[in-house]
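The residues making up each chain are set out below.
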Amino acid sequence: MDIQIPKLPALPRLPAIAVSRRQALIAAGAAVAVIAAAFIGWTLFTEHAKEQQVATFANHIAASESDLSRVYEKISAHMRSVPKNPAPAGADASMRELAAIGDYGRAVTAYHRQVIGADTVPEAYTGAQSAYIRALDNLNRAFSLWSSAAAAYDIKEYTAATDTLKRADEAWREYAAAIADYERELRAAEAGETPPPA
Amino acid sequence: MEWKDIISVLAGGLVILVVALVVKPALYPGPEDPSIPGAAPPAYLPPAAVPAATPYPEDGPAYTRTFRWTSIDGGVHTTEVRVPEALFLEHRATPRFSDRLAYGRYALAEADQPILKDLARRIAPPTGNPEEEYYRLMNIVFFVQQIPYEYDNSTDSYIEGVLPRYARHAGVDVEYQKYPVEMLVDGKGDCEDASILMAGLIDALGYDTVLLRYRGDGLTPGHMALGIRMDEFNPYYAKYTPRYFEYEGKHYYYVEGTGYLTFATGNRTSWGKPYPIGDADGTGLEVVKSRRPEISPLRYLPTPAEYRIRPAGLPAGGG
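Overview of the structure.

The rules behind each value
Residues numbered from 1 in each chain as written. Chains lettered and ligands numbered in written order. Predicted model: local features only at pLDDT ≥ 70, side-chain atom pairs only at ≥ 80, totals over all residues. Heavy atoms only, no water. Helix = DSSP H or I, 4+ residues; strand = E, 2+ residues; numbered from the N terminus. Rg over C-alpha atoms; globule rule 2.2 N^0.38 Å. Buried < 20%, exposed > 50% of the residue type's maximum accessible area, 1.4 Å probe, protein only. Contact = heavy atoms within 4.5 Å. Areas by Shrake-Rupley, 256 points an atom, 1.4 Å probe, with all protein chains shown as cover. Lys, Arg positive; Asp, Glu negative; His and termini not counted. Charge placed at Lys NZ, Arg CZ, Asp CG, Glu CD. Buried area = accessible area lost by both parts, 1.4 Å probe. Salt bridge = Lys/Arg side-chain N within 4 Å of Asp/Glu carboxyl O. Pairing = 2+ DSSP bridges. Core = buried A, V, L, I, M, F, W, Y, C linked by side-chain atoms within 4.5 Å. Axes fitted to C-alpha atoms, helices over the stretch in contact; angles between N-to-C directions. Expected span 1.5 Å × (residues − 1). Parallel < 35°, antiparallel > 145°, perpendicular 65-115°, else oblique. Left-handed = near helix turned anticlockwise from the far one by under 90°. Nonpolar A, V, L, I, M, F, W, Y, C, P; charged D, E, K, R; others polar.

## Thoughts on the overall build of chain A
Alright, step 1. Of regular secondary structure, chain A possesses 4 helices and 0 strands.
Alright, step 2. Reading chain A from its N end, one meets helices and strands in the order α-α-α-α.
Alright, step 3. Relative to the 2.2 N^0.38 estimate, which gives 16 Å for 198 residues, the radius of gyration of chain A is 33 Å and therefore markedly larger than a compact globule would have.
Alright, step 4. Burial statistics for chain A: of 198 residues in total, 42% are counted as buried.
Alright, step 5. Residue pairs at least 24 apart in sequence account for 74% of intrachain contacts in chain A once pairs closer than 6 positions are excluded.
Alright, step 6. Working note: accessible area of chain A is about 11100 Å², and carbon and sulfur atoms make up 60% of it.
Alright, step 7. Separation between the mean location of the 20 positive side-chain charges and that of the 23 negative ones in chain A comes to 6 Å.

Below, the structure is given as structure tokens:
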């Protein structure tokens, strides 16, 4: 038995492309315009996103600094009121105040550390961000040690309280060093340079 | 391709730009809101107020003790001290401080202050003559030195005849620091108790004092004495070089709290005189002669040395 191949229907004829040179130039120009618009748009978008990230970071630093200045108001008022040679009741009240400031400072630094730690920043600002976070961590440790010193004082462990405050002083100095690092990193980021070594 | 097609393509590009630069930033949680979802910015909570101590009733049960003592002019006096029983029992039921730096708290115990101030006024009545201040001071010193010495491990040191609940045992030794009114009620005590009582009385006169602790060892027993702040003390009649110790830039002269110099006539001790201020060697205690004491101020308030917040610069474009 012979196999018969059915006849395929005739394919429709493709229309002939008849493009003039002018039309080809216009099409190429449009393609270039689309690519340029996309490139410019993308560049503007990424630049804008970076600016937004820096602005967000800056606002978070500003909020942190504002809260820290409120903490410092409490600290400086307290330090001005520390009595010289106080009676036990006065000394106890002073230490209770120090503990309350320590708790406040610890909560403020923990809060802003969480906010700033969650920021996405351009690569140039990561050094500044990590230095500021380090500063907040050290300050948080110093405030925690203030609270611990006050707790030791409360149970009349004066030597332990004194030693704990010395450790708080060390943490505070590390905070100051971290702020200096932050300033240096920030200047370098804004100048588009590599920060000088500490 | 017609011009209208190119315009459509450009309009599409413009829409993309508007979405990227306007719509998305508007939807993005902006930099104006630095908060953490579910967390409020921390606020300052002031320390809770401490209720004032209830004064002991004047007419409640009390211990009355009569001290017969000699003042430095040779006069013999009788001074009565009344201590509310509730105050005494409260002290007895209070744990002792383990940190020697806190021993000043015994001397300055708030509830003891009215009794100490009253006793100090009676032993050393105020005078308008500054030259008599030294005699006032020495009368306090001599009064305390005349209170009999008793070791902490002796049950005779306590009116109950047993060691107090919070007496701390260290081998065969017992340590129990007495609040000033405890020593007054017991009528005896050791060098720590005498130094604490003397510190409380001299502080009530307005003088700055510290406790001097001489650490002992297996061979040499430790000791405690008082240091009284004086700018300069070098009387021409002294047959010794007054010894002082420097603490925070101030000079504290040695004052012995226990015992006094006695003069015997035949078999009988007839009279005595106080160990003078600055006479550390006169006591004959080896530990006092040879060692340097640890100094505990009566008033102690540790403060942080570092507390300044450094302002940090803001990134450009920030708030």
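Now, onward.
## Side note on unusual backbone geometry
Residues and elements named next belong to chain A.
Alright, step 1. We note that Asn-85 has phi near 50°; this positive angle belongs to a residue other than glycine.
Alright, step 2. Its location among the elements puts Asn-85 in the loop between α1 (21-81) and α2 (88-117).
Alright, step 3. Not every positive phi belongs to a glycine, and Lys-156 is a case in point at roughly 65°.
Alright, step 4. The topology assignment puts Lys-156 in the loop between α3 (126-154) and α4 (158-191).

## Considerations on the interface of chain B and chain A
Many analyses report the size of an interface as the accessible area lost when the parts associate.
Alright, step 1. Taken together, the contact pairs 58 residues of chain B with 73 residues of chain A.
Alright, step 2. For the pair chain B and chain A, the summed buried surface comes to about 5700 Å²; carbon and sulfur atoms form 68% of the total.
Alright, step 3. Linking chain B with chain A are 2 salt bridges.
Alright, step 4. Across the salt bridge formed by Asp-92 of chain A and Arg-105 of chain B, the nearest N and O atoms sit 2.7 Å from each other.

## Describing the pairing of strand β1 (residues 62-70) of chain B
Sheet faces and side chains relate simply in a regular strand, where the side chains alternate between the two faces.
Residues and elements named next belong to chain B.
Alright, step 1. Sheet topology places β1 next to strand β2 (residues 76-84); 9 bridges connect them, and they run antiparallel. In the strand pairing of β2, Thr-70 is matched with Val-76.
Alright, step 2. Counted along the chain from β1 to the antiparallel partner β2, the turn is 5 residues long, and its residue Gly-74 has a positive phi close to 95°.

## What about the nonpolar core?
Alright, step 1. In this structure, Trp-146 of chain A together with Phe-143 of chain B are the most contacted members of the largest nonpolar core, which totals 106 residues.
Alright, step 2. Counting residues per element, this core draws most heavily on α3 of chain A, at 15 residues.
Alright, step 3. Residues in contact with Trp-146 of chain A, not counting those within four places in the same chain, are Ile-75, Leu-98, Ile-101, Gly-102, Leu-165, Ala-168 and Trp-172 of chain A together with Pro-304, Glu-306 and Tyr-307 of chain B.
Alright, step 4. Counting 12 residues, the second largest nonpolar core, distinct from the first, contains Phe-245, Tyr-247, Ala-280 and Val-287 of chain B.

## Re the sheet that holds strand β7 (residues 244-247) of chain B
Residues and elements named next belong to chain B.
Alright, step 1. The strand order across the open sheet formed by 5 strands is β7-β8-β6-β5-β11, and the pairing between neighbours is antiparallel. A single partner strand is all that each edge strand has here, and the edge strands are β7 and β11 (294-297). The sheet shows a mean angle of 35° between the axes of neighbouring strands, direction not considered.
Alright, step 2. Strand direction decides the pairing type here: strand β5 (residues 209-214) and strand β6 (residues 223-229), joined by 6 bridges, are antiparallel. Note on β6: the bridge partner recorded for Leu-212 is Ala-225.
Alright, step 3. Helix α7 (residues 191-204) rests against β5, β6 and β8 (250-255) of the sheet, and its axis sits at about 20° to β6.

## With respect to α7 of chain B
Residues and elements named next belong to chain B.
Alright, step 1. Between its first and last C-alpha atoms α7 spans 20 Å; for 14 residues at 1.5 Å apiece the expected length is 20 Å, and the two agree.
Alright, step 2. When you tally the buried positions in α7, you get 13 out of 14 residues, the bulk of the element.
Alright, step 3. Gly-206 sits one or two residues past α7 and shows a positive phi near 100°.

## Side note on the packing of α3 of chain A against α4 of chain A
Think of two packed helices as two axes; the pair is described by the angle between the axes and how far apart they sit.
All names here are of chain A.
Alright, step 1. It is the contact of α3 with α4, at a shortest axis distance of 8 Å, that shows an interaxial angle of 165°. Comparing their axes, α4 and α3 come out roughly antiparallel. The way α3 lies across α4 gives a crossing that is left-handed.
Alright, step 2. Broken down by class, the residue content of the contact of α3 with α4 amounts to 24 nonpolar, 4 polar and 6 charged.

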